[in-house]
Amino acid sequence: MVSLTDFLENPCFAYDVYVFHRPSADVCGFQSSLEDLRRLGKRLLADYDDLIFGTDEEALSYSTFRSGLRSKKQVTAMFSANLLALLEFDLFSTSTDPLKQQVMRFKPSGRCETIPNAVPASIISIAEENAFFLAPRSSNTVGYFAGTKTHDKDLPVAEEGVLSFLENDRTGRFLVVGPVSLPATLTDHPRVVQHGLVDYLYLPKLMQQCSTVVAPLEQTSFNDCKSRVKFLEASLAGCRLVATPIPDIRAVASHSADLPQTRDEWVAALARQHVEPVRAALAAERFRYLKEECHAARSADALLLLLGE
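Residues numbered from 1 in each chain as written. Predicted model: local features only at pLDDT ≥ 70, side-chain atom pairs only at ≥ 80, totals over all residues. Heavy atoms only, no water.

## Side note on helix 5 (residues 72-86)
- Its 15 residues give helix 5 an end-to-end C-alpha distance of 21 Å, which sits within 8% of 21 Å, the value for a rise of 1.5 Å per residue.
- Those residues of helix 5 that fall on the buried side of the exposure criterion are Val 75, Thr 76, Met 78, Phe 79, Ala 81, Asn 82, Leu 83, Ala 85 and Leu 86. (Helix = DSSP H or I, 4+ residues; strand = E, 2+ residues; numbered from the N terminus. Expected span 1.5 Å × (residues − 1). Buried < 20%, exposed > 50% of the residue type's maximum accessible area, 1.4 Å probe, protein only.)

## Some details on the sheet that holds strand 1 (residues 17-21)
- Spatially, four strands are ordered 1-2-3-4 in an open sheet, and the strand pairing comes out parallel. Edge strands, defined here as strands with exactly one partner in the open sheet, are strand 1 and strand 4 (111-114). Averaged over all adjacent pairs, the angle separating strand axes in this sheet is 25 degrees, with direction ignored.
- With four bridges connecting them, strand 3 (residues 91-94) and strand 4 associate as parallel partners. The residue bridging Thr 94 from the neighbouring strand is Thr 114, located in strand 4. (Pairing = 2+ DSSP bridges. Axes fitted to C-alpha atoms, helices over the stretch in contact; angles between N-to-C directions.)

## Description of the packing of aromatic side chains
- For the structure on display, the rule yields 12 aromatic pairs.
- With centroids separated by 6.1 Å and ring planes inclined at 75 degrees, the aromatic side chains of Tyr 15 and Tyr 18 adopt a geometry described as edge-to-face.
- Classification of Tyr 18 as buried rests on a relative accessible area of 8%.
- Three or more aromatic residues link up through ring pairs in this structure, and these residues are Phe 7, Tyr 15, Tyr 18, Phe 20, Phe 30 and Phe 89. (Phe/Tyr/Trp six-rings, centres within 6.5 Å; stacked < 30°, edge-to-face > 60°.)

## Some words on the pairing of strand 1
- Here strand 1 shows one buried face, formed by Tyr 18 and Phe 20, and one open face, formed by Val 17, Val 19 and His 21.
- Looking at chain direction, strand 1 and strand 2 (residues 43-48) are connected through five bridges and run parallel. Bridge pairing links Val 19 to Leu 45 in strand 2.
- Of the crossover connections in this fold, the one passing from strand 1 over helix 2 (residues 30-39) to the parallel strand 2 is right-handed. (Right-handed = clockwise from strand over helix to strand, strands pointing away.)

## Considerations on the nonpolar core
- Counting 31 residues, the largest nonpolar core has Phe 145, Val 213, Phe 231 and Leu 241 as the members making the most contacts within it.
- Those elements that provide at least two residues to this core are helix 7 (121-130), strand 6 (173-177), helix 10 (203-207), strand 8 (212-215), helix 12 (229-237), strand 9 (240-243), helix 13 (247-253) and helix 15 (276-293).
- Broken down by element, the residue count for this core peaks at five residues, all from helix 12.
- Ignoring any residue separated from it by four or fewer positions in sequence, one finds Phe 231 in contact with Leu 241, Ile 249, Val 252, Ala 253, Ser 256, Tyr 289 and Cys 294.
- By size, the runner-up hydrophobic cluster in this structure holds 29 residues, among which are Ala 46, Phe 92, Leu 99 and Phe 106. (Core = buried A, V, L, I, M, F, W, Y, C linked by side-chain atoms within 4.5 Å. Contact = heavy atoms within 4.5 Å.)

## So, the confidence of the model for the protein chain
- Residues of the protein chain with pLDDT of at least 70 account for 100%, and the chain-wide mean is 93.
- Mean pLDDT in the protein chain bottoms out at helix 16 (residues 296-307), which sits at 79, and peaks at helix 6 (residues 97-106), which reaches 98. (pLDDT = per-residue confidence, 0-100.)

## What about the sheet that holds strand 9?
- In space, the five strands of this open sheet follow the order 7-6-5-8-9, with parallel pairing throughout. Unpaired on one side and paired on the other, strand 7 (192-195) and strand 9 mark the two borders of the sheet. Mean inter-strand twist for the sheet, computed between neighbouring axes without regard to direction, equals 25 degrees.
- Sheet topology note: the strand 5 (residues 141-145)/strand 8 ladder contains three bridges and is parallel. Bridge pairing links Val 142 to Thr 212 in strand 8.

## Focus on the packing of helix 8 (residues 159-168) against helix 14 (residues 263-271)
- Here helix 8 crosses helix 14 at 40 degrees, and the two axes come no closer than 8 Å. Note that helix 8 runs across helix 14; the crossing there is right-handed. Side by side, helix 8 and helix 14 meet where Glu 160, Gly 161, Val 162, Ser 164 and Phe 165 of the first sit next to Arg 263, Trp 266, Val 267 and Leu 270 of the second.
- Grouping the amino acids of the contact of helix 8 with helix 14 by side-chain chemistry returns five nonpolar, two polar and two charged. (Left-handed = near helix turned anticlockwise from the far one by under 90°. Nonpolar A, V, L, I, M, F, W, Y, C, P; charged D, E, K, R; others polar.)

In structure tokens, the structure reads:
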């Protein structure tokens, strides 16, 4: 695996299939390298894990624009360049079905397979061997794990639910991990604890402190295309998930997560707690589902189908 820039600077033509992850036409040498690969009979596939292409409408739903990290001019130019790159391909893979629908909207003559996010066998093995999901924890610690500031607009979706939880449970805690900005109502709350960026390897230890984790998302076309990663993380750590019901979360977690859509549903979901034996039993059930249905080998079958192997 190499970056697109490195590959275009020093292309290697030794392989039969070339997968371009999130390709952009706004990179020197992109077009000429594709032409060289086609001339040599190579198979080319574009892979997407986020909605990063399309018209101005799609661009303005992008989380970095909505959180103020990029200007309208920057995101519309990026989405346009990425769309030009997409149109150069005929084979595609996406992480979610809504993302597949977006690809086919712009390239209806193409072939696309959804390859859901999944967990490598090595990670499942480590989690099972160490029984991370069975680690005892307080029943009233709720966690929010946001890797970037692009989620600044998302946490307010769950704000009233979190405030109600903290008001009604005088020993409850809300643990926030990541550089996300908190709403003013939570910033100075004595039982809201925020960590900044932490080493990825330390995240499981923090998540195992929580009985519940939340994954609120603002309603946008960009977020509708997002994947089930929060469900995978929660299941590995033994946490109950309370999440905005985006399609890929509904597809995998409708039987084992709370998926609130209204303020009252968020309040009710965060008011629910399980005593430790019940939480552990439910966590073991979710982990079994993860192990059987969400492993990487299963997802790879879709890629092999696309490539005709």
